[in-house]
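For reference, the chains in residue letters:
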Amino acid sequence: MSKPMGENITAGGAILARLKAVGVDYIFANSGTDFPPIIEGLAEASAKQIPLPKAVVIPHENAAMGMAYGYYLATGKAQAVMAHTNVGLANCAIGAINAATEHIPMLLFSGRTPVVEKGRLGARTVPIGWGQEMRDQAAMIRETVKWDYELKFPEQAVEIVDRAYAIATSTPRGPVYLSLPREVLCELCPADELDGPSRISSATSAARPADIDRAAQLLSEAQHPLIIVQRGAGSKEGFDALSELALQWGIPVCQYWAIQLGVPTDHPMFVGMDPGPWLQDADLVLVIDCLAPWSPDIHDLRDDCKVVHIGQDPLYSRFPVRNFRSDLALVSDTSEIVLALSQATTGYMDATVNQREQRRAEVQQAATKRRSEVLRQAEAGSAELMTKAFVSLCLSKAIEGKKATVLSELGVPLEPLTLGEHGSWYQEPHSGGLGWSFPTGLGMKLADPDRLVIATMGDGSYMFANPVACHQIAEAMEIPLLVLVLNNLEWGAVRQSVVGVYPDGYAAKANAMPLVSLTPSPDFTKVAAASRAWTAKVEKADDLLSVLEAAIEHVTVQRTQALVEIRIAP
């Protein structure tokens, strides 16, 4: 119920209470000396029985950002992160970059060192009050957020939270930032409107019906259409519609550098990850939410090929250089466009029966051949040192029949897995801010406790995740996440990049490539064991499946965290 007129609350307490009113469930926070009014506000609001989000201690800001990211993936609800002045905000920067690239809404707050040296409640009291001052603190992450502001007056608390949440959740979605000076948070503001409905609604874009019809017409006229999907189909309904659309029309589907799953990995139209063999003949490419649908340096399109882009921001306007051909761009939530396009194509189906059936048979034959080869190569990866593909294959067997989500940050590859549901696969953001998989998995599992969530990563990515902090969080919050560390003792992605640019260069031929080795490797099981995790180490292929099954049984039955370190080939 609303507070009586005339009753006041500190601005710090008002902001926290307003977050609950707009729909935030959690505040992932790492506190500092700027937090007294926040902590006092939590206690004050609780004492006055004002509903609050659950505020939890997350002992590193990168983990807090990852958990907000994962919680959104599981629920579709934007969450809040609170950090300590400029130093905490600096630790949030990588997470903000990742969230911005992948259109993940979140509300990011950090304190601002007190403006005044004396004379006001909240003024500077310790030396870091001077050391943490910046002329423009928000400039640290302004390029990655949709909106930023510094709270000026306590009476702004309600309306500024409404605005922040609305902007974050408007299309295209993304993170926003609010700076909170300590003196302002200490001041009083009215408490009579803390739990009322938001005054500002989110803005949702929608594609024009004429453009949907034009896309359907282009698809019906194409002899060699191709779908490239990178960030999934937006929802379960979109996933099902895209799977059906591709099958009905006999369109090959390429999931190039897939961030989310767009169609099942065993779908009869899924032709793999490489668009090259299909692009060269395509006369229409339907690009579904792709930052980079192909590589212009190695992939060429026919001069007469039409390209249709769809998504929240189909031209990815935040990025200065992205010059992919676009004959038609449809703006809306991806699932809404996929569903509308699927409906619009029904009017063209009778006239294209023979064309579609012949193409479907050809694509299915190619897809079946590709799938068989992928699985054969994965099976062959069980030599003295396992391949990542073999680990994928074993993991696929271990999770068969289970409600599971696999996250991969330079961990298991997608193709050898058998996954058939929306939300069953997420890969690291294309921004490449490492340390993503572990905390994102924690956030997903927190939001959906009954789902089996498996965070897979390379040894370098695991170290970037601040694993001591993440394991502490898993134990403290009782989150039974399964972590797989695929350890090849090096920066494998760096090696691949060097070989790709200089295939016959000195580095490729060197016995030890410079700047890629991560030896000697720590014993990662001991890092996890420090927080009482169930652990195992696998070095032989014959042992992998049984260990994975035991780890899955542990997290689902005993319901505490587990880590498996798997030695793989470079």
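Structure: see above.
Quick look at the environment of Ala206 now. With respect to the helices and strands, the residue Ala206 is situated in the loop between strand E8 (188-190) and helix H8 (209-221). With relative accessibility at 63%, the residue Ala206 sits in the exposed group. Separated by 307 residues in sequence, Ala206 and Met513 have C-alpha atoms that sit 50 Å apart. Those residues within four positions of Ala206 in sequence are excluded, and the remaining contacts are Val331 and Ser332.

The next thing to look at is the pairing of strand E2 (residues 26-29). Side chains Tyr26 and Phe28 project from E2 onto one buried face, and the interleaved Ile27 and Ala29 project onto a second face that is buried too. Bridge analysis of E2 against strand E3 (residues 54-57) gives four bridges, and the strand direction is parallel. In the sheet register, Ala29 faces E3, and the bridge partner there is Val57. You can see the chain leave E2, run along helix H2 (residues 36-47) and come back into E3, and the turn it takes is right-handed. Pairing of E2 with strand E4 (residues 79-83), which is carried by three bridges, proceeds in the parallel orientation. The partner of Ile27 across the bridge, within E4, is Ala80.

What follows covers the sheet that holds strand E7 (residues 175-181). Strand order across the open sheet formed by six strands is E3-E2-E4-E5-E7-E6, with parallel pairing between neighbours. The two strands at the open ends of the sheet, each matched to only one other strand, are E3 and strand E6 (148-150). Pairwise comparison of adjacent strand axes, ignoring direction, gives a mean angle of 20° for this sheet. Across five bridges, E4 lies against strand E5 (residues 106-112) in parallel orientation.

For the rest of this paragraph, the subject is the side chain of Ser437. On the secondary structure map, Ser437 appears in helix H14 (residues 437-447). Taking the relative accessible area as the measure of exposure, Ser437 reaches 0% and is therefore buried. The contacts of Ser437, once residues within four sequence positions are left out, are Leu407, Glu409, Ala455, Thr456 and Met457.

Before going further, it helps to spend a moment on the pairing of strand E14 (residues 404-409). With six of its six residues buried, E14 lies for the most part within the structure. The alternating pattern of E14 places Ala404, Val406 and Ser408 on one face and Thr405, Leu407 and Glu409 on the opposite face, and all of these are buried. Sheet analysis places E14 next to strand E16 (residues 452-458), joined by six bridges and oriented parallel. Residue Ser408 lies in a different strand from E16, and its bridge partner there is Thr456. Bridge count for E14 against strand E15 (residues 425-427) is three bridges, and the pairing is parallel. Looking at the pairing, Val406 lines up with Trp425 of E15.

Analysis parameters
- Going along each chain's sequence as written, the residues are numbered from 1 onward.
- Local features in this predicted model are restricted to residues whose pLDDT is 70 or higher, and side-chain atom pairs enter the listing and the counts only when it is 80 or higher, whereas totals over whole chains, interfaces and linings include all residues.
- The side-chain quantities take in all heavy atoms of the structure and omit both hydrogens and water.
- Secondary structure elements follow DSSP: runs of H or I of four or more residues count as helices, runs of E of two or more count as strands, with numbering from the N terminus.
- Summary of the burial criterion: residues with accessible area below 20% of their type's maximum are buried, those above 50% are exposed, and those between are partly exposed, where the area comes from a 1.4 Å probe applied to protein chains only.
- Note on definitions: a residue-residue contact is assigned when non-hydrogen atoms from the two residues lie within 4.5 Å.
- What makes two strands pair is DSSP finding at least two bridges between them.
- The handedness of a crossover follows from its direction of travel: if, with the strands pointing away from the viewer, the path from the first strand over the helix to the second runs clockwise, the crossover is right-handed.
- In this analysis an axis means a line fitted to C-alpha atoms, helices contributing only their contacting stretch, and an angle means the value between N-to-C directions, from 0 to 180 degrees.

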